[in-house]
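Descriptive structure summary
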Amino acid sequence: SKDDAAALTPILIVLIKYGTANPEILRQMKERIFPKEECDELYQKAIDDLPLSSSSSVSSSSIQRGGGGGAKNMSPIDNPSKRTLRYKVIKLMTWSESNIKRLSAELMWILCNSDPTEFILRTGFGNAVHMLGMRGFVNIPEGNSSGGVGVATTAE
């Protein structure tokens, strides 16, 4: 609802600003949202399995393997439990209120160190695609009825 969005917007803005301005606060937020014992092992395994030349480029093979192993619906690498904070932030990325969608995606983006591969692995491609498009990592055609999403290549 609009009341929920009005309450969440300043909280998300403060978290983004503090996380961007202070590395210690960013580290603490990342530990809360991505608990080390739950996330690091799975994330490292996924990174080791990805055939990427650098972490700043997103290839179609990395997207297809991210979490779903090429499955129709690609999820975060470890599908967080519904009671985790990460699950709740990811759910905000799909909310109908555009400001909440954008701010929650921005928060996850900074928590993932602005790394598109980490962002995909931690949120799932479907959740990540809009932010990746805004950041220039995925080409989202305007008014194209083909429905295809092109992946921008950053390494030549």
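Given the structure is predicted, the values throughout are model-derived calculations rather than measurements. (Residues numbered from 1 in each chain as written. Predicted model: local features only at pLDDT ≥ 70, side-chain atom pairs only at ≥ 80, totals over all residues. Heavy atoms only, no water.)

With that settled, consider helix 6 (residues 98–111). Taking 1.5 Å of rise per residue, 14 residues should cover 20 Å, and helix 6 covers 20 Å from first to last C-alpha, within 8% of that figure. Among the 14 residues in helix 6, 10 count as buried, and that is most of the element. Those residues of helix 6 lying buried are Ile100, Leu103, Ser104, Ala105, Glu106, Leu107, Met108, Trp109, Ile110 and Leu111. Looking one or two places after helix 6, you find Asn113, whose phi comes out positive at around 60°. (Helix = DSSP H or I, 4+ residues; strand = E, 2+ residues; numbered from the N terminus. Expected span 1.5 Å × (residues − 1). Buried < 20%, exposed > 50% of the residue type's maximum accessible area, 1.4 Å probe, protein only.)

We now examine the nonpolar core. Counting 29 residues, the largest nonpolar core has Leu107, Met108, Leu111, Phe119 and Leu132 as the members making the most contacts within it. If you list the elements that add at least two residues to this core, you get helix 1 (2–21), helix 2 (23–33), helix 5 (85–92), helix 6, helix 7 (116–123) and helix 8 (125–134). The element contributing the most residues to this core is helix 6, with eight residues. (Core = buried A, V, L, I, M, F, W, Y, C linked by side-chain atoms within 4.5 Å.)

All right, on to the confidence of the model for the protein then. Regions with low pLDDT should not have their predicted coordinates read in detail. Here the protein averages 76 in pLDDT, while 64% of its residues score no lower than 70. Of all the helices and strands in the protein, helix 4 (residues 60–65) carries the lowest mean pLDDT, 42, while helix 6 carries the highest, 94. (pLDDT = per-residue confidence, 0-100.)

It is worth spelling out the packing of helix 7 against helix 8 at this point. As a packed pair, helix 7 and helix 8 sit with axes 7 Å apart at the nearest point and diverge in direction by 145°. The segment helix 7 lies against helix 8, with Pro116, Phe119, Ile120 and Thr123 engaging Phe125, Asn127, Ala128, Met131 and Leu132. Residues that form the contact of helix 7 with helix 8 fall into these classes: seven nonpolar, two polar and no charged. (Axes fitted to C-alpha atoms, helices over the stretch in contact; angles between N-to-C directions. Contact = heavy atoms within 4.5 Å. Nonpolar A, V, L, I, M, F, W, Y, C, P; charged D, E, K, R; others polar.)

Turning our eyes to something else, we now look at the packing of helix 1 against helix 2. Between helix 1 and helix 2, whose axes approach to 5 Å, the crossing angle comes to 120°. Considering their axes alone, helix 1 and helix 2 lie oblique with respect to each other. Counting all contacts with helix 1, which are made through Leu15, Tyr18, Gly19 and Ala21, the residues of helix 2 involved are Pro23, Ile25, Leu26 and Met29. (Parallel < 35°, antiparallel > 145°, perpendicular 65-115°, else oblique.)

Its location among the elements puts Phe119 in helix 7. By relative accessible area, Phe119 is classed as buried at 0%. In this structure, the C-alpha to C-alpha distance between Phe119 and Val129, residues 10 residues apart in sequence, is 9.7 Å. When neighbours within four sequence positions are excluded, Phe119 is seen to be in contact with Met93, Ala105, Met108, Trp109, Cys112, Gly124, Ala128, Met131 and Leu132.

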